[in-house]
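Residue-level structural notes
Take a look at the letters that make up each chain.
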Amino acid sequence: LSSVAANTNANTNANTNTNTNSNTNTSIQAHRSAVWRVSWAHPEYGQLLATCGADNSAAIWEEVQITSTNNNTTNINKNWVEKARLSDARRSVNCVEFAPRHLGLMLATGSADGCVRIYEAIDVVNLHHWPLQGTIELEETVVHEELGVTSLSWCQGRFEPKALVIGGSSGSVLVYRYSDAARQWQLAIKLRSHARGVLDVAWAPNVGRSYHLISSVGMDGKAMVHRLKRTKNNSNPSNEDSANLTNESSKTLQCESSVELDTKSSEVWRCKWNVTGTVLATSGDGGMVKLWKSDYYRNLNLNNNDRNNGENAGLSWRCVSEVVGDIHEA
């Protein structure tokens, strides 16, 4: 088991526990200033960690095993080694996240200059080389404040086009998809915005659902769950063009609802889905983690008029558990 924490003194603390008798804590001098976010790569690629910070860069780290011999005694130590430093951003890099396993060893970063950059290790054996594969330049109205891009999250669908949900300092929540035909990232849909900057976004894993779920939390104290459905593209491409389109890439996304969670007016800073995308966890300044689930019984009782009126119709969420973050009460 591995855990990692970022802090504002430029260090990243990694904890690796391989068995019940082994517990290794490591502090990495990752950046020259505050570390904002960290992200683990899929274990298939080894112990890889990405960090980003206020020094306008993101870094890739790998845990390597070092063997030494002293007085006929063999010692095995594990250290974190910097493999690459991504310094294309002109301002602070606020968020970083590895792509899902099926997309390969790919990484997205969002910075205060209003740009999302996508990198990929073409050769997973050579982790020193991460060429820039694409960029997403957000509109000035989305990043008019100093923070620019504040959060991002990858679509987890294995049979979906590459997609990202991006949160901006203006409160905008945007979904971008990669077009194989145009060979560039394109804006797919604008979701309901927050009154102030977006603090976090999370795209729920899709396990057999016919729709997508995206959560967002903002500086306005609101937490929302956006439900997106797939719709067929109404355009009629020529036979030559349609031959280049897959079934999934010819579908567009449409927002069915954007539901505000009843957070009791408490501030919410972070949100995260479980591995099946059925439970949402939110945390804030109250020292409490709340778990949310869709209220299926209430949804079933909604009549047709309720479903067709208002953006909150057709879907309801309720808090099913509260975890107080005071270890002295445990």
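Residues numbered from 1 in each chain as written. Predicted model: local features only at pLDDT ≥ 70, side-chain atom pairs only at ≥ 80, totals over all residues. Heavy atoms only, no water.

Looking only at helices and strands, the protein chain features 3 helices and 23 strands. Evaluated residue by residue, the protein chain yields a buried proportion of 45% over its 330 residues. Taking as baseline every contact in the protein chain between residues at least 6 positions apart, the subset at least 24 positions apart corresponds to 49%. Total accessible area computed for the protein chain in this model is approximately 17,600 Å², and 45% of it derives from carbon and sulfur atoms. (Helix = DSSP H or I, 4+ residues; strand = E, 2+ residues; numbered from the N terminus. Buried < 20%, exposed > 50% of the residue type's maximum accessible area, 1.4 Å probe, protein only. Contact = heavy atoms within 4.5 Å. Areas by Shrake-Rupley, 256 points an atom, 1.4 Å probe, with all protein chains shown as cover.)

Next up on the list: the sheet that holds strand S22 (residues 288-294). Strand order in the open sheet formed by 4 strands is S20-S21-S22-S23, and the pairing between neighbours is antiparallel. Edge positions in the open sheet fall to strand S20 (268-273) and strand S23 (317-324), since each of these has one partner strand only. The mean inter-strand angle of the sheet, taken between neighbouring strand axes irrespective of direction, is 25 degrees. Where strand S21 (residues 279-284) lies against S22, 5 bridges are found, and the strand directions are antiparallel. What sits directly across from Ser283, in S22, is Val289. (Pairing = 2+ DSSP bridges. Axes fitted to C-alpha atoms, helices over the stretch in contact; angles between N-to-C directions.)

Hydrogen bonding along the main chain pairs the strands of a sheet, whether they run parallel or antiparallel. Judged by pairing direction, the sheet is antiparallel, and its 4 strands sit side by side in the order S4-S5-S6-S7 without closing on themselves. The open sheet has two edge strands, strand S4 (35-40) and strand S7 (73-86), and neither has a second partner. Taken pair by pair, the neighbouring strands of this sheet meet at an average axis angle of 30 degrees, ignoring direction. Bridge count between strand S5 (residues 48-53) and strand S6 (residues 58-70): 5 bridges; the pairing is antiparallel. When the sheet's bridge partners are listed, Cys52 is paired in S6 with Ala58.

For the rest of this paragraph, the subject is unusual backbone geometry. It is generally the case that most residues other than glycine have a negative phi and that most peptide bonds are trans. Its identity is not glycine, yet Asn56 carries a phi of approximately 70 degrees, on the positive side. Non-glycine residue Arg183 carries a positive phi angle of around 55 degrees. Examined against the element boundaries, Arg183 turns out to sit in the loop between strand S14 (173-179) and strand S15 (184-191). Arg183 gets classed as exposed once you look at its relative accessible area, which sits at 68%.

As for its position among the elements, Gly114 is in the loop between strand S9 (106-111) and strand S10 (115-120). Judged by its relative accessible area of 0%, Gly114 falls in the buried class. Sequence separation of Gly114 and Thr150 is 36 residues, and the distance between their C-alpha atoms is 9.1 Å.

Counted under the stated rule, the structure contains 0 disulfides. With no disulfide of its own, Cys52 lies 6.4 Å from the sulfur of Cys95, the closest cysteine sulfur. (Disulfide = S-S within 2.5 Å.)

Among the structural elements, Ser57 can be located in the loop between S5 and S6. Among the polar contacts listed, one links the side chain of Ser57 to the side chain of Arg85, at a separation of 3.2 Å. Contacts of Ser57, omitting those with residues within four sequence positions, involve His31, Thr51, Cys52, Arg85, Leu86, Ser87 and Val93. (Polar contact = N/O pair within 3.5 Å; in protein donor to acceptor, adjacent residues only side chain to side chain.)

Our focus in this paragraph is the pattern of salt bridges. Applying the stated rule across the entire model yields 12 salt bridges. Between Asp55 and Arg85 there is a salt bridge whose closest N-O contact spans 3.9 Å. Taken together, the residues span a long stretch of sequence, with Asp55 in the loop between S5 and S6 and Arg85 in strand S7 at a distance of 30 residues. The partly exposed category is assigned to Arg85, whose relative accessible area is 30%. Here Arg177 makes a salt bridge to Glu160, at a shortest N to O gap of 3.2 Å. Taken together, the residues Arg177 in strand S14 and Glu160 in the loop between strand S12 (149-154) and strand S13 (163-168) connect sequence positions 17 residues apart. Residues Arg177 and Glu160 agree in their burial class; the two are buried. A single network of salt bridges, built from pairs that share partners, joins Asp55, Glu82 and Arg85. (Salt bridge = Lys/Arg side-chain N within 4 Å of Asp/Glu carboxyl O.)

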